[in-house]
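Each chain, written out:
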Amino acid sequence: MISYPWSALCLLAYLYAIVAVYVMSLSRSSLKTLYSGKTCSITVAAATVMVLVFGFTGIFRGVIYYAVMLALMGSMGLALAADIHHIRSRRLAPVMAHLGVFVVMAAGVFGYADKQSAKVTAYLGHPESVGMDAEGRRVDLPFMITLNSFDIERYPVRYSITAPDGTVTAAETSRDWKVTELEKIDMAVMKPGSDSWEELRHVGAEPASLVKVEGTDGRSITGWVACGSFMFAPSFLELPDGSVLSMNTPAPQSYDSKVSVTDVKGRKKSFELSVNHPARLGAWRIYQAGYDIKKGRWSEYSVLQCVRDPWYPAIAAGLWIILASAVVMMFTAGRGRKNEK
Amino acid sequence: MSWDLFIYFAVAAALLWVAGAVTAYFRKDTAPAFFLSLAGTSVLLVFIVLMWVSMKRPPLRTMGETRLWYSFFLSVAGAVIYRKWGFDWILSYGTMMAVMFLCINIFKPEIHTAELMPALRSVWFVPHVTVYMFSYALLGAAMILSFVFAARPHHDADLTRCDILVRIGWAFLSMGMAMGALWAKDAWGDWWTWDPKETWALATWLGYLFYLHARPLIRDRRVAFGVLFFCFLLLCMTWFGVNYLPSAQMSIHTY
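Residues numbered from 1 in each chain as written. Chains lettered and ligands numbered in written order. Predicted model: local features only at pLDDT ≥ 70, side-chain atom pairs only at ≥ 80, totals over all residues.

Student: I'd like a description of the sheet that holds strand S4 (residues 158-162) of chain A, backed by residues and values.
Tutor: All names here are of chain A. In space, the four strands of this open sheet follow the order S5-S4-S11-S10, with antiparallel pairing throughout. With partners counted over all chains shown, the strands left at the sheet margins are strand S5 (168-170) and strand S10 (237-238), one partner each. With five bridges connecting them, S4 and strand S11 (residues 244-248) associate as antiparallel partners. What sits directly across from arginine 158, in S11, is asparagine 248. (Pairing = 2+ DSSP bridges. Helix = DSSP H or I, 4+ residues; strand = E, 2+ residues; numbered from the N terminus.)

Put into structure tokens, the structure is as follows:
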């Protein structure tokens, strides 16, 4: 795989070739078949079939993939050159769509080898400058990350009822049982020898509730339920009909890491990362990727994905052009075709 | 508001849509049928809004919730096409499809209460899904139109109306895909991961792109219908069929 600066040079050579072939096609009509409606339809059909094969087999990349991509990009590049040459007789939306898709594909194909990605497991207070790529190889990062804190915001606790036949229903939708919380503890622990939960901010503490469950037939029962954790076993409540009430571990609503990043020149920056909100450090972006799911809110590390993507602006620009072309197409779809050359 | 009340809203919406569809055959003036259809759509919209408020999140998370939006957008598309081009049969076909999806929601709900996972808490979530649902509805309407044009003798100009729907539908597909790529980059650091859902969405997008490029070469209306029918199958595969493939077990898009 070629990487920068060769990738950029190859892209320039490719663009030059497209323009050269297009200019030659103006005097040799046989070359116009390279970007005729029929050729473009065939290349798009070939790409559709190829992607369909991917869809069924899950296998991609290979000689066919590159051949089809090259053919598709070639006919699209030539069609785009013709669009730009005859811009006055062209409709704006298809020209913009050609441009956007071509930019995305060209930057994606030629910039593929320039992308670096590494997963970093950052433990609280421990500086880390080494990550692992998707193949498990070591990647030395040009900066050092220190995790200062990790927090999870979670949804309220919910209860499930498992019937004797194994059917599980959410307690709030049950027609047979009504669950009322008499006491609710967010950080609960069960001390050895005890059969009830008590409030204590301790590693492994998770929610527990004292609940009253009333049936439509008048029967009722009161007891503790808890979702448990890596340290404490969960508590269930057996209902009079043999069903079991349990507490679900609260699902994460969001989780974020406060990190300090020090670059090779010793400059230090602080960031707050969460899913969908990466931090940017030059061509690098740092993403919140995960945490210790087993320990949940007590996770001692945060998993961060560090990605270097110098072609980011080109691909983002291409995608925004596609978005704009779609908006233009929406408003101009009803108009007839222009007399295109 | 809960799903228990859905059946009442669904029946009210369906009755109004059927009334609109029947009126379309008997009145030359398009206004009564158009407004009856929109009244049915409004009933569904009220349910969607109330669900949104009660769940404290947009109802776009589960398969059942996306079907709500599909019925909603399909009825909107049917009413607008009827009002604009006066096809008296479009409301019947649109109603049949929209009611079919409401019935699926009644008999096979797939409406499990689901919290929004952190990756879905993004500004892209609502536009990405609604744009896709709208495009699916338009492309469904285009398929219906091409079927009727292929089955009955029509003027060739009618097929250009079908093309307009495909163009707008494809524009919305493109928007959905571009938004998805921008969102994926923000969430995971990759524009595209060849996730099964993404792969099928790309196949669908390419299928309709093929139709748009090959359309000037297609003279036979039945061929046009054949291509659109095939593309619609791809669309259904993307929307829900992919969930049944073994490869979807590892998908980040299964819902």
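Student: Outline the packing of helix H2 (residues 31-55) of chain B against helix H3 (residues 63-85) of chain B, supporting the account with residue identities and numerical values.
Tutor: Residue and element names in this part refer to chain B. For the pair H2 and H3, interaxial distance at closest approach is 10 Å and the crossing angle is 160°. If you check the angle between H2 and H3, you find them roughly antiparallel. In the crossing of H2 with H3, the sense of the turn from one axis to the other is left-handed. Facing H2, whose interface residues are Ala33, Phe34, Ser37, Leu38, Gly40, Thr41, Leu44, Leu45 and Ile48, H3 presents Leu68, Ser71, Phe72, Ser75, Val76, Gly78, Ala79, Tyr82 and Arg83. Here the residues of the contact of H2 with H3 are counted per class, giving 11 nonpolar, six polar and one charged. (Axes fitted to C-alpha atoms, helices over the stretch in contact; angles between N-to-C directions. Parallel < 35°, antiparallel > 145°, perpendicular 65-115°, else oblique. Left-handed = near helix turned anticlockwise from the far one by under 90°. Contact = placed C-beta atoms within 7 Å. Nonpolar A, V, L, I, M, F, W, Y, C, P; charged D, E, K, R; others polar.)

Student: So what's going on with the nonpolar core? Which residues, and what values?
Tutor: All names here are of chain B. Counting 123 residues, the largest nonpolar core has Phe73, Ala137, Leu138, Ala141 and Ala142 as the members making the most contacts within it. With 16 residues, the top contributor of residues to this core is helix H6 (residues 157-188). Not counting residues up to four positions away in its chain, the partners in contact with leucine 138 are Ala77, Leu165, Ile168, Gly169 and Phe172. (Core = buried A, V, L, I, M, F, W, Y, C linked by C-beta atoms within 7 Å. Buried ≥ 20, exposed ≤ 12 C-beta atoms within 10 Å, placed from the backbone.)

Student: Explain the interface of chain B and chain A to me, using residue names and the numbers behind them.
Tutor: Residue-level contacts link 36 residues of chain B with 39 residues of chain A. Those elements that provide at least two residues to the side of chain B that touches chain A are H6 and helix H7 (196-214) of chain B. Tallied by class, the residues present in the side of chain B that touches chain A amount to 24 nonpolar, eight polar and four charged.

Student: Quick rundown of the domain arrangement of chain A? Include the residues and the values.
Tutor: Once the domains are mapped, chain A shows domain 1 (6-114 + 312-332), domain 2 (116-152 + 253-308) and domain 3 (156-250). The C-alpha-based centres of domain 1 of chain A and domain 3 of chain A are spaced at 58 Å. (Domains from an automatic or database assignment.)

Student: Quick one: what's the story with the domain arrangement of chain B, residue by residue and with numbers?
Tutor: Residues and elements named next belong to chain B. You can read the domains of chain B as domain 1 (1-116) and domain 2 (118-255). Centre-to-centre separation of domain 1 and domain 2, based on C-alpha positions: 20 Å. Facing 19 residues of domain 1, the contacting portion of domain 2 comprises 18 residues. Residue assignment for the side of domain 1 that touches domain 2 shows that the elements contributing at least two residues are H3 and helix H4 (90-107). Looking at the side of domain 1 that touches domain 2 element by element, the count peaks at 10 residues for H3.

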